[in-house]
Amino acid sequence: MWSVILSYIPKWTILVQALLLVVIPLLLMALFGWIRKAIISGYALHPNQASPPIKEDSSESGPLTGRYDTDLSSVRAAIGYNADVRVREFTIRGTENRAAIVYVDGLSDVDIIDTHLITPLMIHGIPDTDQETALRSSDSLQKYIANRLLPVSKLNETSKLQELTRSVLIGQTALLVEGIQGVFLIGAAQGKVRNVEEPLSEALLRGPRIGFTEKLEDNMGLLRMQGQNESLIMSQFEVGNRVKKNMIVAYMQDIADPRLVDEVHSRIQRIDIDDPLESGYIEQLIEDNILSPFPQLQNTERPDRVIASLLEGRVAILLDGTPFALILPTTFSMLLQSPEDYYERWIPGSFVRILRFLAAMLALLAPALYISFISFHPGLIPTKLALSIIETRQGVPFPSIIEALIMEISIEILREAGIRLPKPIGPAMGIVGGLIIGDAAVNAGIVSPFLVIVVAVTAISSFTIPVYSAGITLRILRFAAMLIAGALGIYGVIMFFLLICCHLVRLKSFGVPYLNPLIPYRIIDWKDILIRAPLKVMKKRPYMLRPNDADRRN
Amino acid sequence: MNRASISAEDKITTSQAAVIIINYTLGSGVLTLPRTTVEAAQTPDVWLSIIISGIIVTAAGLIVVLLCRRFQGKTLFQFVPEITGKWLAWILSFTVITVFLVISAVQIRVMAEVTGFYLLDGTPVWAIVMSFMWIGLYLTLGGINCMARIYELILPITLIFFLISFLLSTKIFNIDYLRPVLGSGIMPVLRGIKPALFPFTGYEIMLIATAYMKMPKKAVKAVLAGTTVPLFIYLVTIIMVIGGLSIYGVQTRTWPSLDLLRSFEMEGLIFERFESLLLVIWIMQIFSTFTVTHYAASLGWSQLFNKSLKPFLFAMLPVIFLIAMVPKNVLEVFKLGDIVGNISIFLFGGVPLLLLLISMVRKKGGNPN
Amino acid sequence: MSRHVRRVLLAAASLLLLISTGCWSANEIEDVTVSIGLGLDTAKESAFEKEINEQGAHYPKENVITATIQIIPPINAKKGGQGGGGGGGGGGSSPSSEKAYLNEQLTGDSVIQIFRQFSLRRDRPIIGHHLKVIVVARELAQKYSLEQIFDFILRDNEIRPSCLVVVSHRSALEALSSEEPGEIPALYLLGVVNNRYRSNKILPPVSLIKLDSAMQSGASFLLQNVVTAKDEHKFSGAAIIKGDTKRWIGELTQYDIEGLSWIKGDVVGGALKTYASRGSYTIAYEPETSKASIIPEVSGDDISFHIKIKTEGSLIEDWSFPEVPSSPQYIHELEGQFEEEIKKQIRQVLHKMQKVYHVDVGGFGEQLKFKYPKRWRKLKERWEDIFSHVPITYDVNVTIKDVASSTD
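The structure contained in this document is the topic of the report that follows. (Residues numbered from 1 in each chain as written. Chains lettered and ligands numbered in written order. Predicted model: local features only at pLDDT ≥ 70, side-chain atom pairs only at ≥ 80, totals over all residues.)

**Examining the overall build of chain B**
On a plain count of helices and strands, chain B comes out with 15 helices and zero strands. With the principal axes as the frame, chain B shows a C-alpha extent of 60 × 45 × 35 Å. By residue count, 59% of the 369 residues in chain B fall in the buried class. A separation threshold of at least 6 residues defines the contact pool for chain B, and within that pool the share at least 24 residues apart is 84%. (Helix = DSSP H or I, 4+ residues; strand = E, 2+ residues; numbered from the N terminus. Buried ≥ 20, exposed ≤ 12 C-beta atoms within 10 Å, placed from the backbone. Contact = placed C-beta atoms within 7 Å.)

Structure representation (structure tokens):
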């Protein structure tokens, strides 16, 4: 009796395993918690002091004096040492008041300065009949010049030196006139900008061939042009502690969930960085989960995509200086959608979308499945296939995991090289790399031809992902899948898939679960996941975003 | 109020409740059901036993729902003290938790055995089990809503793969193996009911899940859907397996459903062999059964002691592992499964009815309407 | 070797080690040998084994069984000797470079032990996942019960239950040998089974799982018989396995199989040849559909069967000279001729079943079970004795639908 019971008492190895079973996840959780905390606490250097959306000017250097010579010399002292700051002095015709314009070479619009500033002041001047009214006081002269002599639309006045220098440095032209208290700030930066072009990263066959540019005003214009709607709200924020950049949060007032908009605002206000160079900075500073491999905000160069998202009740963020707008909240299905799905008729649209899902699965799992079948389960593949694989793999010196890693890494390197190389060389590089190296590797007996097929299919599949950042995610995860397949075979692949699923169901983007609307089951929202239902069916906006106005026809 | 109470966010919809029941129900049973029932009944009529047990289970599930609806927003562990008093409630809760733990352990062990036998010959059990349990832990830490979501993700994959693989087995299907209907009378069919009930245990999760439902009134619907789908799957399984292997072939196979798919090859179709499909969905189903029971047991402890859930989720891992490692071989695993099956039939079939009656007599709990 | 290369190799090796500690079950596909056919014979040590044993390399055994494993692809020096060094010298047949397979033979007591014994002889372990055909020699099946022979094979986790089982008239090794270059005998046997739509002389394939269920059910059953001569194979007839002993007791001829296929109503092709009444010229009929129903009749203690066979098809060959135009009358006459032939076949096979071997392999018991389950339960135990004396009547109805492409 006792011996029977005793025989069921687990051995110490089992007990150690049980202990490890609980200790390792505890350690892992502690580690992740620590990393997350370290990242966040390292970032929040001023934990209690939220940087306000528009920073107050803390200028100490006082106002301009109104005396021409003093002011000019103080301007010169402040910024005159810059090689590109130019000061042009002249006299206004008629009153013979001295005047000076201060501008930055290459940034200010010299045309405007010549034709609309210098010409009226130097050539036309203040006619004798008006001199009396104009010269009555500093104010009247200022008013007169502003009203009669400066035919430009962008005209500001200031009396602070700090503001003057700042404005000049971002491209405005300052006009100092003898006898006037303040300073005119004319025009805007006319730095070199790109024309509106077709977006490079998101090419479409059908659809508007227009993409955002680096200039925020132009981008706002593009948005307005695409979505001519009075409820499109674009509220401006200024981010960056040192380099100030304008940022626009755009949404449809009567569609977007106000709580979502509030959440976006509050997160933006917590941004604390010297200079957000690109919208990627913003994305990384406001995303939900730093440790997740999945992008939680979508970036796009296409105004039509932004408008379509706004109409679904999402929010867009545009930043000055980058053509990439951010769309949020992002859900998993968006990563595999392309605007073209909607422009084409619904049957081809759905077909292409299903194809893309398939390609995503292939891109993620194909090499892992190859490894598990070759190294672990030769019994699960068809006999004839097994035989031909055996024959082609004769003499391959590495186990399949090493073999696959070699090929996958080299193809990733190739891809990276192809992006960096100048355009005429890039494709040639791809051909050289892909064809010649692949062929040579097979001939040299380092890899099997079957693997080359798998790797090529994987690579091509990953190019079908319409969102570049999602493609990167899949590429990273592919390596993880390969490693786990190398350890546990197809069981490992299943575990990996489950792990990814677990992660995805736990992930949220701005309060919206990442896997919406796939789950929870809501038939109404399924019209736009795997298949793209006919437009006449898509009458409702996605429920998951809790739109104020659910009816799409409005 | 207390730390174990349900947060407002962690609610589930009616369809999610149904999906939880389905995924919990579908577990290791699919692989062994044909053998256990045929062994007991010795006729091909066991599909009738399956239907009958499906009906019985639905009735039991309805009783559970009726009971739970009297105590809105409370799980079994919270409302039983109101009905029976503290001590009895402790014993009952403890039994329920133990049953959940053992079910969990049996599932894990069966998974490890099958995986070790067919997929990873030679890999140590702990390597198989640990990765599995850790991922399960990662999921359960996310709460019942996350769990419901992943089951919703798994279920369609399961149904599609299942139907594909079993419909392909029509290649070796022979209707004669299912004849004659009721050739040996009704008695063997009745004998087959008991083993057919085991794989149906799953409705009992409603004892806990009802509390999390957004609309507890629709719990009946969830139970109906939650038992119909497994009933359908089991019916297809048993008919295809017996039609493919005959009742004589079924009895000698340890995992008849798996052997059914190993018994034919479709040349020309990419896969040719389809047991990998079944194994894939089956491991996923075991995963869901494991996570549900793991969560339920941990929740039980946390509500008994009125402490937060997280430490118990961690603490239950080694417990389940140790229970899973107790049986020395597959046969003992099956025996353990039978024991816990017997207990759970009584525990989740009889006790809820008793509780319902007592609570009605003592007028405890709110009106179901 | 330069130091640099050595360092790189060291790094690669350590990476490999790191990864391979993780993969307990990993076994690269090219490092295993795929066994595709298995032959089981009564013990007969090969020349190789005898020679080996003379050198003292034997282990205690009683020599019950000789197993032949057919492996592909043969590891001959295909790619400049990378394959692992030619052959390994099969005991049964010497590997020649044109052969697409290799037969390995070993003798021993237990099947599994023989299987594992192969790892002493081959550098690559043999896997059974792709085993397609198992050939059992008649002699072995006569000596031992199939249950004993197949016990390991049914338990194994690698061998799929979909594997085909056939019986060879002579040794299984012969059935698994072929002189045809490039031909793999195991796949060849598998391919012939698929010709059922062309001939009703082939039995429905019996896979391992069907064999298992047949053995468990306790009824007698048939296995396809393979006849070999000069390393060529032919499917001919069937081996009868007695239900209670699970041993080989006799054979049915091709002709019997034809008759049996009419009784079972599973004719999906083939040709029925007989001689025309006028002038005894050859005529042939190609069945397209056939239906058979076995109707058990029970009155009191007496059991009888009636078989109704209906078939439709076309007149496919007619040697009549001078040609007779296909008038309805003539067709009707031929139909009668074919009916007679079918009856003749049935008569013969029934005689063999009832009188010669006393086995029921035509599914009569099953029909009785379907219709009179209670009666069946009483008779089950001694059914084959009863069956030997049961009167069986039959009527055959042949309809010639068309006369193929020619109207003469």
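**A short note on the sheet that holds strand E4 (residues 173-177) of chain A**
Residue and element names in this part refer to chain A. The five strands are arranged E1-E2-E4-E5-E3 in an open sheet whose pairing can be described as antiparallel. For this open sheet the edge positions go to strand E1 (85-91) and strand E3 (155-158), each flanked by a neighbour on one side alone. Along the sheet, successive strands turn relative to each other by an average axial angle of 25 degrees, direction set aside. Examined bridge by bridge, E4 and strand E5 (residues 183-186) share three bridges and lie antiparallel to one another. Bridging across to E5, Leu 175 finds its partner in Phe 184. Lying over the sheet, helix H7 (residues 161-169) contacts E1, strand E2 (98-104), E3, E4 and E5, oriented at roughly 55 degrees with respect to E2. (Pairing = 2+ DSSP bridges. Axes fitted to C-alpha atoms, helices over the stretch in contact; angles between N-to-C directions.)

**A look at the interface of chain A and chain C**
At the junction of the two partners, chain A supplies 22 residues and chain C supplies 24 residues. Within the residue set of the side of chain A that touches chain C, elements represented by two or more residues are helix H13 (346-375), helix H14 (383-393), helix H15 (400-420) and helix H18 (468-506) of chain A. It is H14(A) that provides the largest number of residues to the side of chain A that touches chain C, a total of seven residues.

**Brief notes about the environment of Leu421(A)**
Residue and element names in this part refer to chain A. Residue position: Leu 421 is located in the loop between H15 and helix H16 (426-443). The exposure class of Leu 421 is partly exposed, given the 14 C-beta atoms found within 10 Å. Ignoring anything within four residues of it in the chain, the contact list for Leu 421 reads Gly 426 and Met 429.

**Regarding the interface of chain B and chain A**
Facing the 38 residues of chain B at the interface are 30 residues of chain A. Tallied by class, the residues present in the side of chain B that touches chain A amount to 26 nonpolar, eight polar and four charged. (Nonpolar A, V, L, I, M, F, W, Y, C, P; charged D, E, K, R; others polar.)

**Side note on the packing of helix H4 (residues 76-84) of chain B against helix H15 (residues 330-361) of chain B**
Residue and element names in this part refer to chain B. It is at 9 Å that the axes of H4 and H15 come closest, and there the two elements cross at 55 degrees. Judged by the angle between their axes, H4 and H15 are oblique. You can see that H4 and H15 cross each other, and the crossing is left-handed. Here H4 contributes Val 80, Ile 83 and Thr 84 to the contact with H15, which in turn contributes Leu 355, Ile 358 and Ser 359. Split by residue class, the contact of H4 with H15 holds four nonpolar, two polar and no charged. (Parallel < 35°, antiparallel > 145°, perpendicular 65-115°, else oblique. Left-handed = near helix turned anticlockwise from the far one by under 90°.)

**Quick word on the nonpolar core**
Inside soluble globular proteins, nonpolar side chains tend to come together where they are buried. Residues Ile21(B), Met206(B) and Val136(C) are the most contacted members of the largest nonpolar core, which totals 297 residues. With 21 residues, the top contributor of residues to this core is H18(A). Those residues in contact with Ile21(B), other than ones at most four positions away along the chain, are Gly202(B), Tyr203(B), Ile205(B), Met206(B), Ala222(B), Val223(B) and Gly226(B). Within the second largest apolar cluster, 35 residues are counted, among which are Leu326(A), Leu328(A), Phe510(A) and Val512(A). (Core = buried A, V, L, I, M, F, W, Y, C linked by C-beta atoms within 7 Å.)

**As for helix H10 (residues 279-286) of chain A**
Residues and elements named next belong to chain A. What H10 keeps buried is the set Ser 279, Ile 282, Glu 283 and Ile 286. Down the axis of H10, the smallest arc covering the buried residues is 100 degrees, so these residues share one side. Each element contacted by the buried residues of H10 is listed here: helix H9 (258-269), strand E8 (298-300), strand E9 (315-319) and strand E10 (325-328). (Arc of directions from axis to C-beta.)

**Considering helix H5 (residues 146-155) of chain C**
All names here are of chain C. By the burial criterion, the buried members of H5 are Leu 146, Ile 149, Phe 150 and Ile 153. Seen along its axis, H5 keeps its buried residues to an arc of 80 degrees; they face one direction. Buried residues along H5 sit against strand E1 (33-42), helix H3 (111-117), strand E5 (133-137), helix H4 (138-143), helix H8 (208-217) and strand E8 (232-241).

**Considering the environment of Leu203(C)**
Residue and element names in this part refer to chain C. You can see Leu 203 is positioned in the loop between helix H7 (185-193) and H8. Here the alpha-carbon distance between Leu 203 and Ile 184, two residues 19 residues apart in the chain, equals 22 Å. Beyond its immediate sequence surroundings of up to four residues, Leu 203 is in contact with Leu 222, Gln 224, Ala 238 and Ile 257.

**A look at the pairing of strand E7 (residues 221-229) of chain C**
Residue and element names in this part refer to chain C. Within E7, seven of the nine residues are buried, which leaves it mostly tucked inside the rest of the structure. Here strand E6 (residues 164-168) pairs with E7 via three bridges, running parallel. In the sheet register, Ser 168 faces E7, and the bridge partner there is Val 226. In this sheet, E8 lies alongside E7 in antiparallel orientation, the contact comprising eight bridges.

**Digging into the sheet that holds strand E11 (residues 282-299) of chain C**
All names here are of chain C. Reading across from one edge, E10-E11-E12-E13 is the order of the four strands in this open sheet, with mixed pairing throughout. The open sheet terminates on both sides in strands that have one partner only, identified here as strand E10 (272-275) and strand E13 (392-402). Going from strand to strand, the sheet's axes swing by 35 degrees on average, the running direction of each strand aside. In this sheet, E11 lies alongside E10 in antiparallel orientation, the contact comprising four bridges. What sits directly across from Leu 272, in E11, is Tyr 285. The sheet contacts of helix H9 (residues 254-264) involve E11 and strand E12 (302-318), and relative to E11 the element is tilted by about 60 degrees.

**A closer look at the pairing of E9(A)**
Residues and elements named next belong to chain A. The buried fraction of E9 amounts to five of the five residues, a majority that puts the element mostly inside the structure. Neither face of E9 is open: one carries Val 315, Ile 317 and Leu 319, the other Ala 316 and Leu 318, and all of them are buried. One ladder, built from four bridges, connects strand E7 (residues 245-252) with E9; its direction is antiparallel. Of the residues in E9, the one forming a bridge with Ala 250 is Ala 316. The sheet contact formed by E9 and E10 spans three bridges and is antiparallel. Bridge pairing links Ile 317 to Leu 326 in E10. From the end of E9 to the start of E10, which pair antiparallel, there are five residues, and Gly 321 there has a positive phi angle of about 95 degrees.

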